[in-house]
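# Structure at a glance
Spelled out, the chains give:
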Amino acid sequence: MDPIWKLALKTAGAVGVVGLLFSLLLKALFQQQIIDLFGSDKMFYIAILVIGVFGLALLLAIVIGKQRGATGPSVVYRDDSKHQGDNRF
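Structure report, in brief. (Residues numbered from 1 in each chain as written. Predicted model: local features only at pLDDT ≥ 70, side-chain atom pairs only at ≥ 80, totals over all residues. Heavy atoms only, no water.)

Here we take up the overall build of the protein chain. Counting secondary structure elements, the protein chain contains 4 helices and 2 strands. Helices (α) and strands (β) of the protein chain occur, in sequence order from the N terminus, as α-α-α-α-β-β. Expressed as a percentage of the 89 residues in the protein chain, the buried residues total 12%. (Helix = DSSP H or I, 4+ residues; strand = E, 2+ residues; numbered from the N terminus. Buried < 20%, exposed > 50% of the residue type's maximum accessible area, 1.4 Å probe, protein only.)

Quick look at helix H4 (residues 40-67) now. Its 28 residues place the ends of H4 40 Å apart at the C-alpha level, agreeing with the 40 Å of an ideal helix rising 1.5 Å per residue. Taken together, the buried positions of H4 are occupied by Met 43, Ala 47, Val 50, Phe 54 and Ala 61. On the buried face of H4, the contacting elements are helix H2 (14-29) and helix H3 (32-38). (Expected span 1.5 Å × (residues − 1). Contact = heavy atoms within 4.5 Å.)

Turning to the packing of aromatic side chains, a few remarks are in order. As enumerated under the stated definition, the model contains 2 aromatic pairs in all. With a centroid separation of 5.5 Å and an interplanar angle of 70°, the aromatic rings of Phe 44 and Tyr 45 are classed as edge-to-face. (Phe/Tyr/Trp six-rings, centres within 6.5 Å; stacked < 30°, edge-to-face > 60°.)

A few words now on the packing of helix H1 (residues 3-12) against H2. Following both chains from N to C, one finds H1 and H2 inclined at 145°, their axes separated by 6 Å at the closest point. Across the interface between the two elements, Trp 5, Ala 8, Leu 9 and Ala 12 of H1 pack against Ala 14, Val 15, Gly 16, Val 17, Gly 19, Leu 20 and Ser 23 of H2. Looking at the contact of H1 with H2 residue by residue, the classes come out as 8 nonpolar, 3 polar and no charged. (Axes fitted to C-alpha atoms, helices over the stretch in contact; angles between N-to-C directions. Nonpolar A, V, L, I, M, F, W, Y, C, P; charged D, E, K, R; others polar.)

The interhelical angle for the contact between H2 and H4, taken along N-to-C directions, is 170°, at an axis separation of 9 Å. With respect to H4, the element H2 is oriented roughly antiparallel. Here Ala 14, Val 15, Val 18, Leu 21, Phe 22, Leu 25, Leu 26 and Leu 29 of H2 come into contact with H4, specifically with Met 43, Ile 46, Ala 47, Val 50, Ile 51, Phe 54, Ala 57, Leu 58, Ala 61 and Ile 62. (Parallel < 35°, antiparallel > 145°, perpendicular 65-115°, else oblique.)

Below you can see the structure in the form of structure tokens.
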């Protein structure tokens, strides 16, 4: 796995997984043997279908990630004041 994908998976979570799967599938889908097997007309429809499915999966991953309540950083200082990421103590 490329180092860029390792970083994306650590940073983006489910969205990174969808991006990785999309990248791997497109690399496999557009090999010459597969294009020869299906023909260019069917490959166009397959590509549109794959892009649509992964687009929906990406939107779903984003929505689920927001619903889980991803919050910003929170820092607790020695005098028990809390920093919520917006410089308001």
